[in-house]
Amino acid sequence: MDSTALNDMLGDIPEFLGNRTPMAWIEKALNEQDILLIDHAQCEKKAASTALSMMYKYVDRRELLAKMSKLAREELVHFDQVLKLMDARGLTYRHLSAGRYAGALHELVRGGEPQRLIDRLILGAFVEARSCERFAALVPHLDEELARFYQSLLKSEARHYKDYLGLARQYAEEPIEPRVQAFREKEAELIETPDDIFRFHSGVPA
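Residues numbered from 1 in each chain as written. Predicted model: local features only at pLDDT ≥ 70, side-chain atom pairs only at ≥ 80, totals over all residues. Heavy atoms only, no water.

## Here we look at the packing of helix α4 (residues 33-57) against helix α7 (residues 115-138)
Angle between the axes and distance between the axes: these two values describe a pair of packed helices.
Alright, step 1. At a minimum axis distance of 12 Å, the contact between α4 and α7 shows a crossing angle of 155°. In terms of axis orientation, α4 runs roughly antiparallel to α7. Viewed along their axes, α4 and α7 form a crossing whose handedness is left-handed. Of the residues in α7, those touching α4 at L36, H40, E44, A47, T50, S53, M54 and K57 are L117, R120, L121, E128, F135 and L138.
Alright, step 2. For the contact of α4 with α7, the residue count by class is seven nonpolar, three polar and four charged. (Axes fitted to C-alpha atoms, helices over the stretch in contact; angles between N-to-C directions. Helix = DSSP H or I, 4+ residues; strand = E, 2+ residues; numbered from the N terminus. Parallel < 35°, antiparallel > 145°, perpendicular 65-115°, else oblique. Left-handed = near helix turned anticlockwise from the far one by under 90°. Contact = heavy atoms within 4.5 Å. Nonpolar A, V, L, I, M, F, W, Y, C, P; charged D, E, K, R; others polar.)

Okay, structure coming up:
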């Protein structure tokens, strides 16, 4: 798939994020594909877990329940797909220590409701948007099998980003743009600055 088609699939995600994955990260990912796939699997599992935790926490939010239920199922399917792809390549799934990305973004989440809910939804939108952007950034450089798989994930990841952001707008009692900008600035910093640990959402390899 050419770059124009990939950009069309991304939609407004590049504008939402405000920056693109640095080439240095792509080069590192190509040289560390075992770590890339293991951490990708962990990300899918974590995404499902996050969706389920929100379903338990916000039982009175009917549309959230519906969207998070579907999201969790899809993320677990993706997790299984990554594991099968790893099996075919002789790679063993194992635990990896967490990178700095998610923890640093979680530091922005406010206490008290509904502010906490809104921030968690915005955070989810950024994680899904960055995942989608990174899939698209990697596709032109990967072998045919992995490129086809990552390309197949673009549509669902883009929808997850829209679902999170749409729920944030729906449940917010005030405009969310200032909070979106706060997360955007922090997320951009994490992507653009040197990072000692290579992960799916890590920054520039130190």
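## Some details on the packing of aromatic side chains
Alright, step 1. Per the stated rule, a full pass over the model turns up eight aromatic pairs.
Alright, step 2. With a centroid separation of 6.1 Å and 80° between ring planes, the pair formed by W25 and F200 is classed as edge-to-face. Of this pair, W25 sits in helix α3 (residues 23-31) while F200 is found in the loop between β1 (194-195) and β2 (204-205), placing the two residues 175 residues apart along the sequence. Each member of the pair, W25 as well as F200, is classed as buried.
Alright, step 3. Seen in terms of ring centroids, F135 and F200 are 5.3 Å apart; in terms of plane orientation they differ by 55°. Their pairing is tilted. (Phe/Tyr/Trp six-rings, centres within 6.5 Å; stacked < 30°, edge-to-face > 60°. Buried < 20%, exposed > 50% of the residue type's maximum accessible area, 1.4 Å probe, protein only.)

## Things to note about the layout of surface pockets
Alright, step 1. Counted as a void, the largest pocket has a volume near 840 Å³.
Alright, step 2. Forming the boundary of the largest pocket are 37 residues, of which Q42, C43, K46, A47 and A102 lie nearest the centre.
Alright, step 3. Counting only elements with at least two residues in the lining of the largest pocket, the list comes to α4, α6 (101-106), α7 and α8 (144-171).
Alright, step 4. In terms of residues, the lining of the largest pocket owes the most to one element, α4, which gives 11 residues.
Alright, step 5. Among the residues making up the lining of the largest pocket, the classes are represented as 12 nonpolar, 14 polar and 11 charged.
Alright, step 6. Reported here for the second largest pocket is a volume of approximately 160 Å³.
Alright, step 7. Within the residue set of the lining of the second largest pocket, elements represented by two or more residues are α1 (3-10) and α7. (1 Å grid on protein atoms, 1.4 Å probe; cavity = no way out; pocket = protein on both sides within 12 Å on 5 of 7 lines; lining within 4 Å. Points joined across faces, edges and corners; volume = space filled by probe spheres on them.)

## Side note on the packing of α4 against helix α5 (residues 62-88)
Alright, step 1. Remark: α4 packs on α5, axes separated minimally by 8 Å, with the N-to-C direction vectors making an angle of 160°. In terms of their interaxial angle, α4 and α5 are classed as roughly antiparallel. Pair α4 / α5 crosses with left-handed handedness.
Alright, step 2. Its residues placed into classes, the contact of α4 with α5 shows 20 nonpolar, three polar and three charged.

## A short note on the nonpolar core
The tendency in soluble globular proteins is for nonpolar side chains to be buried side by side.
Alright, step 1. Core analysis: the largest hydrophobic core is formed by 64 residues, its most contacted members being F16, L64, L121, L138 and Y150.
Alright, step 2. Excluding its chain neighbours within four sequence positions, the residues that come into contact with F16 are A125, F126, A129, Y161, L165, V180 and R184. (Core = buried A, V, L, I, M, F, W, Y, C linked by side-chain atoms within 4.5 Å.)

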